[in-house]
Amino acid sequence: MITRRVSRNPRTTQGDLVNDLQKAGTNLTKATVSNTLRRQGLTSCSARRVPLLKPVHIRARLKFAREHLDVLEEYWENVIWSDETKVVLFGTNTTRRVWRRVNAELRPKNTIPTVKHGGGNIMLWGCFSPSCSSSKGIAELVRVYEIMNGAMYCEILGANLLPSARALKMKCGWVFQHDNDPKHTARATKEWLRKKHSKVLDGRTCTIGD
């Protein structure tokens, strides 16, 4: 019963299981429930955060997969993939869990050091391609000092996209990929890419921005 319940709903708590068992006439402690689940290979972990997929996003991703199902590997090797990311300069912005004893929460090995205001972070734009073995496929990496909008994004592309294509030794007709972020789909960005005759891989399946 315990394993079936958790398999149906992984968010079920130990307290929920204890209450359900009591209603069924069985009295077990949370520790016994936990040990039973562990013997079945189930452990309590922090749930991973993933993009919220609405039906329209699921259909778009399925459509993209079907359209590119038979695309040759050589095609993907001629794609420049790009994205932005925020790098935390100190510590981590994810949840960490530790095994500890009661009243041992402040022992150094059970804590994660922090600083005021989070220690700061930097925003980076970068691109890569699997086609270039000499540089392991990594091209330009640009630090963004201000909030990025469509105009700034075009400046970054203007200064780095073509040099990246040359550094990656892309073949004629290479394709550029970016996701569905608003600055990527802005009118100014689309116009810039059109003027540069850049082929763009449909990125509507990559980011939840609709």
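Residues numbered from 1 in each chain as written. Predicted model: local features only at pLDDT ≥ 70, side-chain atom pairs only at ≥ 80, totals over all residues. Heavy atoms only, no water.

Considering the overall build of the protein chain
Phase 1 of the analysis: In terms of regular secondary structure, the protein chain is built from seven helices and five strands.
Phase 2 of the analysis: The N-to-C order of helical and strand elements in the protein chain reads α-α-α-α-α-β-β-β-α-β-α-β.
Phase 3 of the analysis: The proportion of buried residues among the 210 residues of the protein chain is 29%.
Phase 4 of the analysis: Here the contacts in the protein chain between residues at least 6 apart in sequence split such that 68% fall between residues at least 24 apart. (Helix = DSSP H or I, 4+ residues; strand = E, 2+ residues; numbered from the N terminus. Buried < 20%, exposed > 50% of the residue type's maximum accessible area, 1.4 Å probe, protein only. Contact = heavy atoms within 4.5 Å.)

Remarks on the confidence of the model for the protein chain
Phase 1 of the analysis: Here the protein chain averages 83 in pLDDT, while 87% of its residues score no lower than 70.
Phase 2 of the analysis: The element-level mean pLDDT for the protein chain is lowest in helix α1 (residues 2-8), coming to 83, with strand β4 (residues 175-177) highest at 94.
Phase 3 of the analysis: Predicted confidence for residues 205-210 stays below pLDDT 50, and this span has 17 contacts to residues more than four positions away or in other chains. (pLDDT = per-residue confidence, 0-100.)

Observations regarding the sheet that holds strand β3 (residues 138-144)
Phase 1 of the analysis: Sheet architecture is open: five strands sit in the order β3-β2-β1-β4-β5, paired in mixed fashion. Only two strands of the sheet have a single neighbouring strand rather than two, namely β3 and β5 (199-201). Going across the sheet, the axis of each strand differs from the next one's by a mean of 25°, ignoring polarity.
Phase 2 of the analysis: Pairing of strand β2 (residues 121-128) with β3 involves five bridges; the strand directions are antiparallel. Bridge assignment links F128 to a residue of β3, and that residue is I138.
Phase 3 of the analysis: Here helix α6 (residues 150-167) sits on the sheet and contacts β1 (79-88), β2, β3 and β4; the angle it forms with β3, its principal contact strand, is near 160°. (Pairing = 2+ DSSP bridges. Axes fitted to C-alpha atoms, helices over the stretch in contact; angles between N-to-C directions.)

Considering the side chain of T189
Phase 1 of the analysis: On the secondary structure map, T189 appears in helix α7 (residues 187-195).
Phase 2 of the analysis: We classify T189 as buried; its relative accessible area is 0%.
Phase 3 of the analysis: Apart from residues no more than four positions distant in its own chain, T189 is found in contact with G150, Y153, C154, H178, K183 and H184.

Describing the packing of aromatic side chains
Phase 1 of the analysis: Going through the model one piece at a time under the given rule, you end up with two aromatic pairs.
Phase 2 of the analysis: With a centroid separation of 5.1 Å and an interplanar angle of 80°, the aromatic rings of Y75 and W76 are classed as edge-to-face.
Phase 3 of the analysis: Pairwise contacts between aromatic rings join Y75, W76 and W81 into one cluster. (Phe/Tyr/Trp six-rings, centres within 6.5 Å; stacked < 30°, edge-to-face > 60°.)

Observations concerning the nonpolar core
Phase 1 of the analysis: Counting residues in hydrophobic clusters, the biggest one holds 20 residues, and the most contacted among them are I80, W125, L157, L161, W174 and F176.
Phase 2 of the analysis: Elements that contribute at least two residues to this core include exactly β2, β3, α6 and α7.
Phase 3 of the analysis: For this core, the element with the most residues is α6, which contributes seven residues.
Phase 4 of the analysis: Those residues in contact with L161, other than ones at most four positions away along the chain, are I80, I156, W174, F176 and W192.
Phase 5 of the analysis: Counting seven residues, the second largest nonpolar core, distinct from the first, contains V6, L17, V33 and L37. (Core = buried A, V, L, I, M, F, W, Y, C linked by side-chain atoms within 4.5 Å.)

A few points about the packing of helix α2 (residues 14-23) against helix α3 (residues 30-39)
Phase 1 of the analysis: Contact geometry of α2 with α3 gives a least axis separation of 9 Å together with a crossing angle of 105°. In terms of orientation, α2 lies roughly perpendicular with respect to α3. Along the contact surface, α2 presents Q14, G15, L17, V18 and L21, while α3 presents K30, V33, S34 and L37.
Phase 2 of the analysis: In the contact of α2 with α3, the residues fall into five nonpolar, three polar and one charged. (Parallel < 35°, antiparallel > 145°, perpendicular 65-115°, else oblique. Nonpolar A, V, L, I, M, F, W, Y, C, P; charged D, E, K, R; others polar.)

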